[in-house]
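Examination of the molecular architecture
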Amino acid sequence: MTNLLSAHFARLWRSAWFWVGSVAMAWIAWRSVEGARTLANYGEPVSILSYALNFVLVLLIALPVFAAVFLNADYYYGVIRNKLTVGQRRGAVYLSDLILVASVGLIYTGVYLGVLLGFGLPQVGAGERFPLLPGWGEVAPKLAASLAVILAIGAMSVLLARLMTHRAVPLAALGLALALIFAARTADQMLLTPAEVPSYDEIVPIMDESGRTVKGYRKDGVDYTLEDCPTEPNPEYMGEPLHAALAFAQNFSPAGQAYQLYSDTVSGPVSALPPPPGVLAGFALGFTAAATGLGLAVFQRKDLK
């Protein structure tokens, strides 16, 4: 496998697609710094750490497209057959592809975080003065979990690139990535739909215990605050077991994992709380194992003519 990886990385440094992706990641990070600096100049509470996980959604698009372009060139020029002819095993070929694509994901992540933190921390800061903004204690575990999510995205990308050899695969990879992001966002909204909603006849202003005027709910002539307002079943709520099944799918999907790291809002398997970063990393490693096992099994039998 050492020879396979050496050949991969030697070709990678000459790949225009790889360098375009690196420049794009740096530009996205710089735009985040610019946006945060603009907010800070207007006196808004801001932390550059609020942008630290944005790269995962970008990788969800970048890695499948890169893998489709870079790896499928091997089919067009007979490179895979040549590798097998000189004695390389199909499993080694597939695993070297996974290592390469995951490495590209790590490089892109390093570029993004290097620009974001290198320029953002001196200019914007980590928002230590604002307790409601994310701090290092919250962001660091998520960054650690993102390593497993990058591996899961890489496994998905290699599975698509190695099993689909048509020249239109890059477009298919792009379409799939966008569809997965849309599906993750939709699932997020469905999972956060409450089981019960306030039951009221009209919304009225009422006085709270401190004498402030707040929004109240009037039901049968009685005024309630949001906390003590009667509730009724929400017709839009997804009951069990569909709710738990969708939550599992969201946690198991690389798109769902990336969206959760990005937004921090998706429900966990059995509650309204997002899963801890360690749990999310476990799901990501589980997906990586499943996708890699499936890819190896199919690639072993794939006709490479």
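No experiment lies behind these values; they were computed from the predicted model shown. (Residues numbered from 1 in each chain as written. Predicted model: local features only at pLDDT ≥ 70, side-chain atom pairs only at ≥ 80, totals over all residues. Heavy atoms only, no water.)

Assignment of secondary structure puts H243 in helix α8 (residues 242–252). Exposure remark for H243: the relative accessible area of 7% places this residue in the buried category. A distance of 3.3 Å separates a polar side-chain atom of H243 from the backbone oxygen of L191. (Helix = DSSP H or I, 4+ residues; strand = E, 2+ residues; numbered from the N terminus. Buried < 20%, exposed > 50% of the residue type's maximum accessible area, 1.4 Å probe, protein only. Polar contact = N/O pair within 3.5 Å; in protein donor to acceptor, adjacent residues only side chain to side chain.)

Further remarks concern the pattern of salt bridges. What the rule picks out here adds up to 3 salt bridges. Here R162 and D97 are joined by a salt bridge, their closest N and O atoms 2.4 Å apart. Within this pair, whereas R162 is found in helix α6 (residues 136–163), its partner D97 is found in helix α5 (residues 90–123), the two being separated by 65 residues in sequence. Take R162: its relative accessible area is 0%, and that puts it in the buried class. Judged by relative accessible area, D97 falls into the buried class, the value being 0%. With a shortest N-O distance of 3.2 Å, E138 and K142 are connected by a salt bridge. (Salt bridge = Lys/Arg side-chain N within 4 Å of Asp/Glu carboxyl O.)

What follows concerns the side chain of S199. Mapped onto the secondary structure, S199 falls in the loop between β1 (196–198) and β2 (202–207). Given the relative accessible area of 9%, S199 is considered buried.

Before going further, it helps to spend a moment on the packing of aromatic side chains. Scanning the entire structure with this criterion turns up 13 aromatic pairs. For the pair W30 and F119, a centre-to-centre distance of 5.3 Å together with 85° between the ring planes defines the contact as edge-to-face. Of the two residues, W30 sits in helix α2 (residues 16–41) while F119 sits in helix α5, which places them 89 residues apart along the sequence. Their ring planes at 50° and their centres at 5.8 Å tell us that Y94 and F299 sit as a pair that is tilted. Of this pair, Y94 sits in helix α5 while F299 is found in helix α10 (residues 277–301), placing the two residues 205 residues apart along the sequence. Residue class for F299 comes out buried when judged on its relative accessible area of 1%. Taken together, the ring pairs in this structure connect F9, W13, F18, W19 and Y108 into an aromatic cluster. Sitting above the plane of the F70 ring, R11 keeps its charged end 3.8 Å from the centroid. (Phe/Tyr/Trp six-rings, centres within 6.5 Å; stacked < 30°, edge-to-face > 60°. Lys NZ or Arg CZ within 6 Å of the ring centre and 35° of its normal.)

Relative to the assigned elements, F248 resides in helix α8. Between the alpha carbons of F248 and F283 there is a distance of 9.1 Å; along the sequence they are 35 residues apart.

Where α5 meets α10, the axes come as close as 9 Å, and the angle between the chain directions of the two elements is 140°. One finds that α5 runs oblique with respect to α10. Helix-helix and strand crossings are classified by hand; for α5 and α10 the assignment is right-handed. Between α5, through R90, G91, V93, Y94, L95 and L98, and α10, the contact on the second element is made entirely by A291, T292, G295, L296, F299, Q300 and R301. Considering only residue class, the contact of α5 with α10 consists of 7 nonpolar, 4 polar and 2 charged. (Axes fitted to C-alpha atoms, helices over the stretch in contact; angles between N-to-C directions. Parallel < 35°, antiparallel > 145°, perpendicular 65-115°, else oblique. Left-handed = near helix turned anticlockwise from the far one by under 90°. Contact = heavy atoms within 4.5 Å. Nonpolar A, V, L, I, M, F, W, Y, C, P; charged D, E, K, R; others polar.)

Our focus in this paragraph is the confidence of the model for the protein. In regions of low pLDDT, the predicted coordinates are not meant to be interpreted in detail. On average, residues of the protein carry a pLDDT of 84, and 89% of them reach 70 or more. Confidence drops under pLDDT 50 across residues 265–272; counting only partners more than four residues distant or on other chains, this segment forms 24 contacts. (pLDDT = per-residue confidence, 0-100.)

With that settled, consider the pairing of strand β3 (residues 213–219). In this structure, β2 lies alongside β3, joined through 6 bridges in antiparallel fashion. The residue of β3 that forms the bridge with I203 is Y217. Joining the antiparallel neighbours β3 and strand β4 (residues 222–224) is a turn of 2 residues, in which D220 adopts a positive phi near 55°. (Pairing = 2+ DSSP bridges.)

This paragraph deals with a nonpolar patch on the surface. A cluster of nonpolar side chains, contributed by M1, L95 and I99, occupies part of the molecular surface with about 220 Å² of accessible area. Checked against the element boundaries, L95 lands in helix α5. (Patch = residues over 30% accessible without salt bridge, like charges linked within 9 Å, V, L, I, M, F, W, Y side chains within 5 Å. Areas by Shrake-Rupley, 256 points an atom, 1.4 Å probe, with all protein chains shown as cover.)

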